[in-house]
Amino acid sequence: MRDDVPNSWEARAEEYSLYGFTDLPSVHKRGTVVLTHGEGPYIVDTHGKRYLDANSGLWNMVAGFDHPGLIAAGQEQFARFPGYHAFFGRMSDQTVMLSERLVDVSPFPRGKVFYTNSGSEANDTMVKMLWFLAQSEGKPERRKILTRVNAYHGVTAVSASMTGKPYNSVFGLPLPGFIHLSCPHYWRFGEQGETEEQFTQRMAKELEDTILAEGPDTIAGFFAEPVQGAGGVIPPSKGYFQAVQPILKKYGIPLISDEVICGFGRTGNTWGCETYDFVPDAIISSKALTAGYFPMGAIILGPDLADRMQAASEAIEEFPHGFTASGHPVGCAVALKAIDIIMNEGLADRARELTPRFEAGLARLAENPNIGEWRGKGLMGALEAVKDKATKTPFDGKLSVSERIANTCTDHGLICRPLGQSIVLCPPFIMTETQMDEMFEKLEAALKQVFAEVA
Ligand SMILES: Cc1ncc(COP(=O)(O)O)c(C=O)c1O
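Residues numbered from 1 in each chain as written. Predicted model: local features only at pLDDT ≥ 70, side-chain atom pairs only at ≥ 80, totals over all residues. Heavy atoms only, no water.

Enquirer: It is not clear to me how the sheet that holds strand β6 (residues 178-181) should be interpreted in this structure. Could you clarify?
Expert: Strand pairing in a sheet takes place through backbone hydrogen bonds and is either antiparallel or parallel in direction. On the basis of which strands lie adjacent, the open sheet formed by seven strands has the order β4-β10-β9-β8-β7-β5-β6 and mixed pairing. The strands lining the two open edges of the sheet, one partner per strand, are β4 (112-116) and β6. Within this sheet the neighbouring strands show an average axis-to-axis angle of 20°, counted without direction. Bridge count between strand β8 (residues 255-258) and strand β9 (residues 282-285): three bridges; the pairing is parallel. Opposite S257, over in β9, you have I283 as the bridge partner. Against the sheet, helix α10 (residues 240-250) touches β5 (144-148), β7 (219-224) and β8, its axis set at about 170° to β7. (Pairing = 2+ DSSP bridges. Helix = DSSP H or I, 4+ residues; strand = E, 2+ residues; numbered from the N terminus. Axes fitted to C-alpha atoms, helices over the stretch in contact; angles between N-to-C directions. Contact = heavy atoms within 4.5 Å.)

Given below as structure tokens:
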């Protein structure tokens with residue numbers, strides 16, 4: 001510890017840590033919230049202040065912050081076998097059991113699972129699998145990846161290239177060959193007089209036109225979140241996946257469902273693809289997979305991709321890829337418990353039970369003249385702030401309206417997330433009705449206060 005750094009958690013945090021995705025002027029002014037522990041859906045800082053976390057950490061802590069079953073599962077596995085890899089024909093018994101379970105709960109009749117430490121790595125690995133298949137199957141030009149504007153697929157060089165947000169230009173990304181189609185957000189991007197069905201058809205036509213213009217044999221895969229999460233909680237327009245999937249099938253392009261947020265109950269079903277009634281070729285999972293209690297990502301391949309990956313790997317004797325901690329025994333034990341809690345011990349049911357109250361709360365706050373739209377699915381939702389509701393005109397970006405709302409909420413003991421001009425809520429599934437009411441009351445007070453300042 002240095003003498004010239006004030007002895008406070010806030011000063012020490014700022015001096016020694018480099019922050020990611022953090023508005024630094026705001027941190028300088030307000031100080032870092034340094035946390036010590038959590039209680040149910042609340043987190044507690046070093047001053048003993050409690051915050052209701054309406055974002056489940058980063059969408060992942062669906063069982064709250066002190067779930068005894070999850071903690072015990074981790075502790076027991078730490079005592080039994082605290083770490084191993086999944087290379088060279090070895091893996092832990094927990095890894096075997098988790099793969100079996102993941103295929104079992106997937107929409108696929110059979111399949112195969114590969115592990116990573118995060119959602120970004122899982123998407124990155126999936127792209128490498130598609131490139132590996134292209135090389136192995138004698139179509140090396142099949143390398144381009146299709147995603148959408150406002151997609152969030154992660155931060156590694158490849159997954160950031162898939163992410164459709166302008167901030168990646170500071171890294172000189174996307175890499176060549178990563179193509180971003182339009183965002184299927186009808187409220188924001190629908191044209192004057194265009195019905196939602198017509199909008200969806202326009203999205204599908206854009207996809208087919210792009211495939212034809214690029215050359216169908218140059219495209220390796222299409223990745224989509226069922227609901228775009230970090231892009232601002234954007235459910236697809238009506239019939240979107242039903243319109244795009246036949247086009248992808250026609251040109252032999254795999255559809256990869258990025259279920260890092262949607263997976264394991266967030267949208268009201270185990271998978272977002274179930275909610276939107278399509279069966280993809282592979283699923284990317286993370287976050288609620290371990291209820292946030294261990295870093296883990298998983299790729300679940302459906303039968304076609306699983307068979308092709310097996311054949312391509314056997315052709316050169318191995319799939320030359322993997323991480324030291326892929327299929328970590330503690331992570332797998334925690335994931336097995338998390339899946340049990342979500343699917344068999346009532347957590348997914350609880351999320352479904354809470355949804356009508358959640359939607360009613362969002363709809364009520366959307367009556368505010370400065371909220372243009374509420375949107376969401378299951379227990380993920382957003383309120384979009386606007387200067388003018390009729391014309392959907394956003395506030396001047398310099399006003400930082402959503403950041404001000406989120407900061408005001410933090411002052412009052414509520415964590416919610418500003419995304420563009422929207423406020424995102426994705427509460428843990430364990431919330432009580434009273435806690436949900438507390439969430440909306442605090443948010444409503446913050447909206448009133450900030451809109452009075454800026455409107
Ligand atoms: C849909 C989606 N994919 C991928 C990622 C990246 O996951 P990670 O932050 O674990 O790398 C995220 C993270 O929020 C996500 O929301």
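Next comes the rest of the account.
Enquirer: Please clarify how the packing of aromatic side chains should be interpreted in this entry.
Expert: Each aromatic ring pair is specified by the distance between its two centres and by the angle formed by the two planes. Evaluated as defined, the whole model comprises 13 aromatic pairs. Between the aromatic rings of F21 and Y152, the centroid separation amounts to 6.4 Å while the plane-to-plane angle is 65°, which identifies the pairing as edge-to-face. A residue pair is termed long-range when its members are at least 10 positions apart, and F21 in the loop between α1 (9-16) and α2 (24-30) and Y152 in the loop between β5 and α7 (157-162) qualify at 131 residues. Residue classification places Y152 among the partly exposed positions, given a relative accessible area of 24%. By way of ring pairs, the aromatic residues F21, Y152 and Y167 are connected into one cluster. Between the NZ or CZ atom of R12 and the centre of the ring of W9, over which it lies, the distance is 4.8 Å. (Phe/Tyr/Trp six-rings, centres within 6.5 Å; stacked < 30°, edge-to-face > 60°. Buried < 20%, exposed > 50% of the residue type's maximum accessible area, 1.4 Å probe, protein only. Lys NZ or Arg CZ within 6 Å of the ring centre and 35° of its normal.)

Enquirer: Where do I start with helix α9 (residues 196-214) in this structure?
Expert: One turn of the α-helix equals 3.6 residues, which is why residues spaced by three or four share an orientation. The terminal C-alpha atoms of α9 lie 27 Å apart, and with 19 residues this matches the ideal 27 Å at 1.5 Å per residue to within 8%. Every buried residue of α9 is listed here: F199, T200, M203, A204, L207, E208, T210 and I211. Buried positions along α9 lie against β5, β6, α8 (186-189), β7 and α10. Within two residues after α9, G215 carries a phi angle of roughly 100°, on the positive side. (Expected span 1.5 Å × (residues − 1).)

Enquirer: Quick question: what am I supposed to make of the site of the ligand here?
Expert: Close to the ligand lie S118, G119, S120, N123, Y152, H153, G154, E225, D258, V260, I261 and K287. At 2.9 Å from an oxygen atom of the ligand is found a main-chain nitrogen or oxygen belonging to G119. Taking K287, its side chain carries an N or O atom lying 2.9 Å from an oxygen atom of the ligand. Sort the elements by how many residues they give to the shell around the ligand and helix α6 (residues 119-136) lands first, with three residues. Taken together, the residues of the shell around the ligand sort by class into three nonpolar, six polar and three charged. (Near = heavy atom within 4 Å. Polar contact = N/O pair within 3.5 Å; in protein donor to acceptor, adjacent residues only side chain to side chain. Nonpolar A, V, L, I, M, F, W, Y, C, P; charged D, E, K, R; others polar.)

Enquirer: Would you take a moment to explain the nonpolar core for this structure?
Expert: One broad rule of soluble globular proteins: the nonpolar side chains tend to lie buried together. Among the nonpolar cores identified, the biggest contains 97 residues, and L102, F222, I405, M439 and L443 are the most heavily contacted of them. There are two domains that each give this core at least three residues, and those are domain 1 (33-66 + 347-453) and domain 2 (71-345). If you look at the next biggest cluster of nonpolar residues, it comprises 26 residues, including M129, L305, A312 and F319. (Core = buried A, V, L, I, M, F, W, Y, C linked by side-chain atoms within 4.5 Å. Domains from an automatic or database assignment.)

Enquirer: Would you take a moment to explain the domain arrangement of the chain for this structure?
Expert: Size of an interface, as often reported, equals the accessible area lost when the parts are brought together. Examined at the domain level, the chain breaks down into domain 1 (33-66 + 347-453) and domain 2 (71-345). Computed over C-alpha atoms, the centres of domain 1 and domain 2 are 27 Å apart. With 35 residues of domain 1 in contact, the opposing surface of domain 2 contributes 29 residues. Of the roughly 2,600 Å² buried at the junction of domain 1 and domain 2 (both faces included), carbon and sulfur atoms supply 63%. When residues of domain 1 are sorted by the area they lose upon contact with domain 2, W59, M380 and K392 head the list and together hold 24% of the total. Joining domain 1 to domain 2, the criterion identifies zero salt bridges. Linking domain 1 to domain 2 there are 16 residue pairs in polar contact (both at pLDDT 80 or more). Counting residues per element, the ones that place at least two in the side of domain 1 that touches domain 2 are α3 (56-59), α14 (347-365), β11 (371-377), β12 (380-385), β14 (417-419) and β15 (422-425). Among the elements that make up the side of domain 1 that touches domain 2, the one with the highest residue count is β11 (five residues). (Buried area = accessible area lost by both parts, 1.4 Å probe. Salt bridge = Lys/Arg side-chain N within 4 Å of Asp/Glu carboxyl O.)

Enquirer: How should I be thinking about the sheet that holds strand β2 (residues 42-45) in this particular structure?
Expert: A sheet is described by the order of its strands in space; here four strands give the open sequence β1-β2-β3-β13, paired in mixed fashion. Among the strands making up the open sheet, the edge pair consists of β1 (35-39) and β13 (414-415). With three bridges joining them, β2 and strand β3 (residues 50-53) adopt antiparallel strand pairing. Bridge pairing in β3 places Y42 opposite L52.

Enquirer: Quick question: what am I supposed to make of the packing of helix α15 (residues 401-411) against helix α16 (residues 433-454) here?
Expert: The description of two helices packed together rests on the angle between their axes and the distance between the axes. At a minimum axis distance of 9 Å, the contact between α15 and α16 shows a crossing angle of 135°. Between α15 and α16, the crossing angle belongs to the class labelled oblique. Once α15 is placed against α16, the crossing between them reads as right-handed. For the pair α15 and α16, the contacting residues are V401, R404, I405, T408 and C409 in the first and K442, L443, A446, L447, Q449, V450, F451, E453 and V454 in the second. (Parallel < 35°, antiparallel > 145°, perpendicular 65-115°, else oblique. Left-handed = near helix turned anticlockwise from the far one by under 90°.)

Enquirer: Help me out: how do you make sense of the environment of A390 in this one?
Expert: Mapped onto the elements of the fold, A390 is located in the loop between β12 and α15. Owing to a relative accessible area of 74%, A390 belongs among the exposed residues under this scheme.

Enquirer: Looking at this structure, I do not really get the pattern of salt bridges. What am I missing?
Expert: Two side chains carrying opposite charge are able to pair once their charged atoms lie near each other. Scanning all chains against the criterion turns up 26 salt bridges. The shortest N-O distance in the salt bridge between R352 and D349 comes to 2.6 Å. On the criterion of helical spacing, the pair formed by R352 and D349 is a turn pair, its members being three residues apart in helix α14. For R352, a relative accessible area of 39% translates into the label partly exposed. Residue classification places D349 among the partly exposed residues on the basis of a relative accessible area of 41%.

Enquirer: How should I be thinking about unusual backbone geometry in this particular structure?
Expert: Leave glycine aside and you will find that most residues have negative phi; peptide bonds, for their part, are mostly trans. Residue P174 is bonded to the preceding L173 through a cis peptide linkage, with omega at 10°. Assignment of secondary structure puts P174 in the loop between α7 and β6. In the Ramachandran plot, W59 falls in the positive-phi region, its phi being about 75° despite a non-glycine side chain. Inspection of the secondary structure puts W59 in helix α3. Here E317, not a glycine, exhibits a phi torsion of approximately 80°, which is positive. Assignment of secondary structure puts E317 in the loop between α12 (303-315) and α13 (329-343). Residue classification places E317 among the exposed positions, given a relative accessible area of 77%.

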